[in-house]
Amino acid sequence: AGFVAALVIDAASGSLNSKAEQRAKQLTALLTALGPTFIKAGQSASIRSDLLPPTYITGLTALQDQVPPFSAKEAEAILDEELGEMARKRLFGSAGLPARPVAAASLGQVYKTKLLSGTPVAVKVQRPGMLDIIALDMHLIRDYGAPIGKLFGVPGDLAGTAEEWAKGFVAELDYAR
């Protein structure tokens, strides 16, 4: 509510343009804090210059390549759950993953490491709890956001858009295909 309230105050005081850069940074931080679904929405919005002012496009562009990583310990725990700890150690040894990924994105991150054989590999690890987070976000958007959007005259089919997003997210999370 703080971001929206700030926008309303800016509009009422005639300072929308002068505070746009500050609000764009706040929006980017808010979407990052809300998690992967909202980061993806921000990434999509960052290329829609027909919908948003340039300052917001610039701010949201940070979501393309500046998503905070989760810890290597969490990544190893996810690998242990997926592969089993023994299999992970047979593949990568007991040293574990590097402390920092080479890339962090909305749905996962990538580590550069070596197999025990010495072969360099990239290991892509999903963020913890991704399917549950996306399922909840899509439920909230579809079942609550869409009716509220209609009430306020938001154009388009928000529920249908949420369904399409959900299909895309699930496909993106299928690292085996």
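It should be emphasised that the depicted structure is a prediction, and the values quoted were computed from it without experimental measurement. (Residues numbered from 1 in each chain as written. Predicted model: local features only at pLDDT ≥ 70, side-chain atom pairs only at ≥ 80, totals over all residues. Heavy atoms only, no water.)

## Overview of helix α4 (residues 54-65)
Part 1 of the argument: When α4 is considered as a whole, its buried residues turn out to be Tyr-56, Ile-57, Gly-59, Leu-60, Ala-62 and Leu-63.
Part 2 of the argument: The inward-facing, buried residues of α4 contact α1 (2-13), α2 (20-34) and α3 (36-45). (Buried < 20%, exposed > 50% of the residue type's maximum accessible area, 1.4 Å probe, protein only. Helix = DSSP H or I, 4+ residues; strand = E, 2+ residues; numbered from the N terminus. Contact = heavy atoms within 4.5 Å.)

## Side note on the packing of α2 against α4
Part 1 of the argument: Here α2 crosses α4 at 30°, and the two axes come no closer than 8 Å. It follows from the interaxial angle that α2 and α4 lie roughly parallel. Read as a crossing pair, α2 and α4 show a hand that is right-handed. Contact with α2, carried on its side by Ala-20, Glu-21, Arg-23, Ala-24, Leu-27, Thr-28, Leu-31 and Thr-32, involves Thr-55, Tyr-56, Gly-59, Leu-60, Ala-62 and Leu-63 of α4 and no other residues of that element. (Axes fitted to C-alpha atoms, helices over the stretch in contact; angles between N-to-C directions. Parallel < 35°, antiparallel > 145°, perpendicular 65-115°, else oblique. Left-handed = near helix turned anticlockwise from the far one by under 90°.)

## Remarks on a nonpolar patch on the surface
Part 1 of the argument: On the surface, Leu-136, Leu-140, Tyr-144, Ile-148, Leu-151, Phe-152 and Val-154 cluster together into a nonpolar patch covering about 780 Å² of accessible area.
Part 2 of the argument: The topology assignment puts Leu-136 in helix α7 (residues 130-151).
Part 3 of the argument: The partly exposed category is assigned to Leu-136, whose relative accessible area is 48%. (Patch = residues over 30% accessible without salt bridge, like charges linked within 9 Å, V, L, I, M, F, W, Y side chains within 5 Å. Areas by Shrake-Rupley, 256 points an atom, 1.4 Å probe, with all protein chains shown as cover. Salt bridge = Lys/Arg side-chain N within 4 Å of Asp/Glu carboxyl O.)

## Remarks on the environment of Arg-100
Part 1 of the argument: Within the secondary structure layout, Arg-100 lies in the loop between α6 (85-92) and β1 (103-104).
Part 2 of the argument: With sequence-adjacent residues up to four places away left out, Arg-100 is seen in contact with Pro-69 and Tyr-111.

## A closer look at the layout of surface pockets
Part 1 of the argument: Considering only enclosed or pocket space, the largest pocket measures out at about 1,200 Å³ in volume.
Part 2 of the argument: Lining the largest pocket are 33 residues, with Leu-27, Leu-31, Phe-38, Ala-41 and Leu-158 positioned closest to its centre.
Part 3 of the argument: Of all the secondary structure elements, the ones that give two or more residues to the lining of the largest pocket are α1, α2, α3, α4, α7 and α8 (158-173).
Part 4 of the argument: In terms of residue count, the dominant contributor to the lining of the largest pocket is α7 (six residues). (1 Å grid on protein atoms, 1.4 Å probe; cavity = no way out; pocket = protein on both sides within 12 Å on 5 of 7 lines; lining within 4 Å. Points joined across faces, edges and corners; volume = space filled by probe spheres on them.)

## Digging into the packing of α3 against α7
Part 1 of the argument: At their nearest, the axes of α3 and α7 sit 8 Å apart, and the two run at 65° to each other. Of the possible angle classes, the one that applies to α3 and α7 is roughly perpendicular. On α7, the residues that touch Pro-36, Thr-37 and Phe-38 of α3 are Met-130, Ile-133, Ile-134, Asp-137, Met-138 and Ile-141.
Part 2 of the argument: Among the residues forming the contact of α3 with α7, the class breakdown is seven nonpolar, one polar and one charged. (Nonpolar A, V, L, I, M, F, W, Y, C, P; charged D, E, K, R; others polar.)

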